Amino acid sequence: MHMNHIFHKAVSAYLQRTGYKRLAPAAALIDMDGTLYDSMPRHARAWMAMCAENHLQCSEEEIFMSEGMTGAATIDRLFLRCRGRHATEQEKKELYARKSEFFAAQPAAPLMPGALEMVDIFRSHGINTVLVTGSGQLSLLEKVNSDFNGAFPDSMRVTALDVSQGKPHPEPFLMGMSKASVCPWQAIAVENAPLGVQAAAASGAFTIAVVTGPIKKQALADAGADIVFNSMPECKQSLPDLLYSMNNHQN
Ligand code: CA
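Residues numbered from 1 in each chain as written. Predicted model: local features only at pLDDT ≥ 70, side-chain atom pairs only at ≥ 80, totals over all residues. Heavy atoms only, no water.

A word on the nonpolar core
A general tendency of soluble globular proteins is for nonpolar side chains to be buried together.
Reasoning step 1: In terms of nonpolar packing, the biggest core is built from 41 residues, with L36, M118, F122, F206 and I208 touching the most fellow members.
Reasoning step 2: For this core, the elements supplying multiple residues, two or more each, are α1 (3-18), β1 (27-30), α6 (115-124), α7 (138-141), β4 (187-191), β5 (206-210), β6 (227-229) and α12 (232-247).
Reasoning step 3: With six residues, the top contributor of residues to this core is α12.
Reasoning step 4: Excluding its chain neighbours within four sequence positions, the residues that come into contact with L36 are I30, D31, L111, M112, A115, M118, V119, L131, V144, F148 and F152.
Reasoning step 5: Judged by nonpolar contacts, the second largest core, of 15 residues, contains A44, L56, C58 and A87. (Core = buried A, V, L, I, M, F, W, Y, C linked by side-chain atoms within 4.5 Å. Buried < 20%, exposed > 50% of the residue type's maximum accessible area, 1.4 Å probe, protein only. Helix = DSSP H or I, 4+ residues; strand = E, 2+ residues; numbered from the N terminus. Contact = heavy atoms within 4.5 Å.)

Quick word on the coordination of the calcium ion
Reasoning step 1: Donor atoms from the polypeptide that coordinate the calcium ion comprise D31 (OD), D31 (OD), D33 (O), E67 (OE) and N192 (OD1), at 2.3 to 3.2 Å from the metal.
Reasoning step 2: You can call D33 buried: its relative accessible area is 8%. (Donors = N, O, S within 2.8 Å, 3.2 Å for Na, K, Ca; no water.)

Focus on the pattern of salt bridges
Reasoning step 1: Scanning the entire structure with this criterion turns up 10 salt bridges.
Reasoning step 2: The shortest N-O distance in the salt bridge between R85 and E91 comes to 2.8 Å.
Reasoning step 3: Classification of R85 by relative accessible area gives partly exposed; the value is 34%.
Reasoning step 4: In this structure, E191 engages K167 in a salt bridge whose closest nitrogen and oxygen atoms are separated by 2.8 Å. Taken together, the positions of E191 in strand β4 and K167 in the loop between β3 (157-158) and α9 (171-180) put the pair 24 residues apart, joining distant regions of the chain. Taken as a pair, E191 and K167 share a single burial class, namely buried.
Reasoning step 5: When salt bridges with common partners are traced through the structure, they connect D31, K167 and E191 into a single cluster. (Salt bridge = Lys/Arg side-chain N within 4 Å of Asp/Glu carboxyl O.)

Details of the domain arrangement of the protein
Reasoning step 1: Split into domains, the protein comes out as domain 1 (2-39 + 111-247) and domain 2 (40-104).
Reasoning step 2: Its C-alpha centre places domain 1 at a distance of 25 Å from the equivalent point of domain 2.
Reasoning step 3: Between domain 1 and domain 2, the residue contacts involve 19 residues of the former and 16 residues of the latter.
Reasoning step 4: Contact between domain 1 and domain 2 buries roughly 1400 Å² in total, counting both sides, with carbon and sulfur atoms accounting for 58%.
Reasoning step 5: Three residues, S39, Q137 and L195, lead the burial of domain 1 against domain 2; their summed loss comes to 37% of the area buried on that side.
Reasoning step 6: Linking domain 1 with domain 2 are zero salt bridges.
Reasoning step 7: Seen at the junction of domain 1 and domain 2, the total is five residue pairs in polar contact (both at pLDDT 80 or more). (Domains from an automatic or database assignment. Buried area = accessible area lost by both parts, 1.4 Å probe. Polar contact = N/O pair within 3.5 Å; in protein donor to acceptor, adjacent residues only side chain to side chain.)

In structure tokens:
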């Protein structure tokens, strides 16, 4: 099937699932880890090291599948499973700080290949970019704006520090829309993980999922993505045509 036909169908399916009359993108709500940065292997190593130190049983796969949750929520889930009780606020704070130390001790995560171009394409189409992340990892948050040519100033980012409900709750994306002053039918979300896709789709944004690691295409489609790309280079290459399909959609 020709790509433009796939994009047309994706927009039609989005309008059908949301009940909106049109899709007029004005803001892109973009996830950070595994989307802008190839940082997930480093996060997984940091989580595994923190868990080993605290005798919390955990697999790398579990870390990848819980991607998008806040650190506090991830720690609470580990405690419930391994110790049969919730983590205290103090434990969440201390263990997340420890995990952050293990993360920051590794070399800086590289940009995801194609991510810079993807962000530039949104901006060149007059679409404002907003960072929407469950991360509270200062070592990345401090450099994301300069790494992406000023696309994510403080006023245009939602982090773990802003929300009470992390992904898969739609709150982070709804807050991103509010920061950009747009409605859901004016918003595109870009995500790489199932919980993030669930959150984005539930917020009413058109949800682009990109395969950038071990999480399979089907898992992202099952989580509710409106379209799934096989890689970030494929995403940025397809983005101009996808935006055209959105802005010129007719049933
Ligand atoms: Ca992510």
